[in-house]
Amino acid sequence: MFRKILFYIPLRISSFYFTELPVGLGYLAEAARAAGAETAVFDANLGYNEQELDDRVRQFRPDLVAVQMYSAGYRQTYQILENLKQRHPSPAVVCGGAHPSCFGGRVLEDCRAVDLAVVGEGESAIAGLVSGGPPEEIPGLIYRRNGTVVSNPPPAPVADLDTLAFPRYQGFELEKFTERTVNKRLKISICSSRGCPFRCTYCASGLIMGKRFRYRAVEGVLDEMEYWYSGGVRDFSFVDDGFTARRERVFAICDGMEQRGLSGCRLSCDNGIRADQTDREILARMRELGFWRVGIGVEAGTQKALKLLKKGEKLERIRETIALACELGYSVMLFFLTGSPGETMEDVEQSFRLALEYPVDVVSFNNIIPYPGTEMYEELSRRGLLLMPPEEYLNLDPRHSNVPVFETPEIPGPRRRRMLRRAFRVEQKVARRAMARKLAALGLLANIIAFFYGFETIRQAIMSNHLFRRFVLEPVKRRAGR
């Protein structure tokens, strides 16, 4: 039985500009409190170091440290936990999230400081740990019995999401998240559904959330928005894998916002939407209610590559959706994979051309990371195409390196390095074009600002500068009617 839980969020090496509230951990904290636990939160992404973690454990005196475990950079987290365990042997350590869901019992085998791990959705497991249920009766729990690692069967996906309390983020230092947003306003991430039934070879989402879409009731989603709206929040990001999958539900959320007077909101789908689950009517209605930014998972610029990835979409439909979103005035982000198995350099060049074809604001060409448990990983491993083991490449910063982690007959390793450098230049070009469009009224000065905006470090500094946004960017956008 655990009555005091410290939720620990390690530093994310793959996110240069960390501003998103951890919605998954927010749900776990609510489940723990509902079961009777006292909770606290330590988020290393808010500028804290290991010594301050040590101080927090000493002050709060938890009997359980619950870690949101990322695969990217997991060795560093293991080391921090080992150090923590040496100084504070009493609290048990449990890890949950993507890493144990992919690696299972290996987490306990590789890190002696980890006492427990949870795979899949963790609300029932955390409640079981708080109530003191027998370990063997907690679905998804991994633990040691007489020195042997035991893995319980994974939990069934939560059938009724409305039984879960939405996150209130008690103890999450919301003021620090506000400081890190570009407009100095708190943005709340909302998960209105879980799961994804598609079979994309590269995606590990189904290992955690399951392969079936499950939806919260529209009224519950609106209740969550109204709760934050009444406290002054106007920025919301829907992080679902399929926010637009149910057409009537999108309209019901929009209608409900109008009926409840939730006006003046800025809403986004930053996690991405599927192009084949949208149309003009949906996107236009969302735009009326304040949706201003959408991400679109393109992944590849040829139908052949999309088929190899088992994306289940037509390239022509993706193109139509990008054009439509731009026409309706959205800030559009496009997500690509670079050099998927079976892609040729000509296929990759088609992706580059597509990214430059539309007036989008952001494109991201991801250095593909094959996560254990995914079909892509199994294929590359079986064919002997990995250039390094997962233990090595998962501890790189893939977003800010051009180190390929696998090769294919079509694009060997040395060629991949050049490909990734070219992808970075395309990202720069899109960013510069976007800023030049926004500041077109400034004439030559717009081109100068846009040039420097192409460098990511400078771009983050510019966009986090409150005075630039207030006195330059926002007035120009208002004059442009956007």
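Small disclaimer: the values here were computed from a predicted structure and weren't measured.

Draft legend 1. Inspection of the packing of helix H9 (residues 218-229) against helix H10 (residues 247-259) at higher detail. Orientation of H9 relative to H10, taken along the N-to-C sense of each, is 40°, at an axis distance of 10 Å. The orientation of H9 with respect to H10, classified from their angle, is oblique. Relative to H10, the crossing made by H9 is right-handed. Residues Val 218, Val 221, Leu 222 and Met 225 of H9 touch H10, and the partners they reach there are Arg 249, Ala 252, Ile 253, Gly 256 and Met 257.

Draft legend 2. The environment of Thr 39, seen in detail. Here Thr 39 is to be found in strand E2 (residues 38-43). Residue Thr 39 is classed as buried on the basis of its relative accessible area, which comes to 18%. On a C-alpha basis, the gap between Thr 39 and Leu 380 in space is 42 Å, while along the polypeptide they are 341 residues apart. Contact partners of Thr 39, with chain neighbours within four places excluded, come to Ile 5, Phe 7, Ala 29, Ala 32, Arg 33 and Phe 60.

Draft legend 3. Highlighting the sheet that holds strand E14 (residues 331-338). Strands sit in the order E8-E11-E12-E13-E14-E15 across an open sheet of 6 strands; the sheet is parallel. Looking at which strands have only one partner, the edges of the open sheet turn out to be strand E8 (187-190) and strand E15 (362-367). Taken pair by pair, the neighbouring strands of this sheet meet at an average axis angle of 20°, ignoring direction. For strand E13 (residues 291-299) and E14, the ladder comprises 6 bridges, and the chain directions are parallel.

Draft legend 4. Summary view of the sheet that holds strand E4 (residues 92-96). Strand order in this open sheet of 7 strands is E2-E1-E3-E4-E5-E6-E7, and the pairing throughout is mixed. Whereas interior strands pair on both sides, the edge strands pair on one side only; in this sheet they are E2 and strand E7 (148-151). Strand after strand, the sheet turns through a mean of 25° between neighbouring axes, direction not considered.

Draft legend 5. Quick peek at the nonpolar core. Among the nonpolar cores identified, the biggest contains 142 residues, and Met 286, Ile 322 and Leu 334 are the most heavily contacted of them. Residues in contact with Ile 322, not counting those within four places in the same chain, are Ile 296, Val 298, Leu 334, Leu 354, Tyr 358 and Val 360. Core analysis: the next-biggest nonpolar cluster, separate from the first, contains 7 residues, Leu 439, Ala 446, Ala 450 and Tyr 453 among them.

Draft legend 6. Main features of the packing of helix H17 (residues 413-438) against helix H18 (residues 444-453). Where H17 meets H18, the closest approach of the two axes is 8 Å, and the angle between their N-to-C directions is 150°. The orientation of H17 with respect to H18, classified from their angle, is roughly antiparallel. Crossing geometry of H17 relative to H18 is assigned as right-handed. Residues Ala 431, Arg 432, Met 435 and Ala 436 of H17 touch H18, and the partners they reach there are Ala 446, Asn 447, Ile 449, Ala 450, Phe 451 and Tyr 453.

Draft legend 7. Highlighting the pairing of strand E1 (residues 4-9). Of all 6 residues in E1, 5 are buried; the element is thus mostly enclosed. In terms of strand pairing, E1 meets E2 through 6 bridges, oriented parallel. When the sheet's bridge partners are listed, Phe 7 is paired in E2 with Val 41. As paired elements, E1 and strand E3 (residues 64-68) share 4 bridges and run parallel to each other. Among the inter-strand pairings, Tyr 8 is bridged to a residue of E3, identified as Val 67.

Draft legend 8. Helix H6 (residues 123-131), seen in detail. Considered for burial, the residues of H6 that qualify are Glu 123, Ala 125, Ile 126, Gly 128, Leu 129 and Val 130. A positive phi of about 85° marks Gly 132, the residue just after H6.

Draft legend 9. Quick peek at the side chain of Asp 347. In this structure, Asp 347 sits in helix H14 (residues 345-357). When its relative accessible area of 8% is taken as the criterion, Asp 347 is described as buried. At a separation of 2.9 Å, a polar atom in the side chain of Asp 347 contacts the main-chain amide nitrogen of Thr 344. Excluding residues that lie within four positions of it along the chain, Asp 347 makes contacts with Thr 302, Lys 304 and Gly 342.

Draft legend 10. Representation of the packing of aromatic side chains in the model. Following the criterion strictly, the structure yields 15 aromatic pairs and no others. Between Tyr 227 and Trp 228 the ring centres are 5.1 Å apart and the planes differ by 90°, which places this aromatic pair in the edge-to-face class. Tyr 227 sits in the partly exposed class, given a relative accessible area of 37%. For Trp 228, a relative accessible area of 7% corresponds to the buried category. With 5.7 Å between their ring centres and 35° between their planes, Phe 243 and Phe 291 make a pair best called tilted. Residue Phe 243 is located in the loop between strand E11 (235-238) and H10, and its partner Phe 291 is located in strand E13; the two are separated by 48 residues in the primary sequence. When its relative accessible area of 3% is taken as the criterion, Phe 243 is described as buried. Note on Phe 291: relative accessible area 0%, which makes it buried. The rings of Phe 166, Tyr 169, Phe 172, Tyr 227 and Trp 228 are connected pair by pair, giving a single aromatic cluster.

About the cut-offs
- Residues numbered from 1 in each chain as written.
- Predicted model: local features only at pLDDT ≥ 70, side-chain atom pairs only at ≥ 80, totals over all residues.
- Heavy atoms only, no water.
- Axes fitted to C-alpha atoms, helices over the stretch in contact; angles between N-to-C directions.
- Helix = DSSP H or I, 4+ residues; strand = E, 2+ residues; numbered from the N terminus.
- Parallel < 35°, antiparallel > 145°, perpendicular 65-115°, else oblique.
- Left-handed = near helix turned anticlockwise from the far one by under 90°.
- Contact = heavy atoms within 4.5 Å.
- Buried < 20%, exposed > 50% of the residue type's maximum accessible area, 1.4 Å probe, protein only.
- Pairing = 2+ DSSP bridges.
- Core = buried A, V, L, I, M, F, W, Y, C linked by side-chain atoms within 4.5 Å.
- Polar contact = N/O pair within 3.5 Å; in protein donor to acceptor, adjacent residues only side chain to side chain.
- Phe/Tyr/Trp six-rings, centres within 6.5 Å; stacked < 30°, edge-to-face > 60°.

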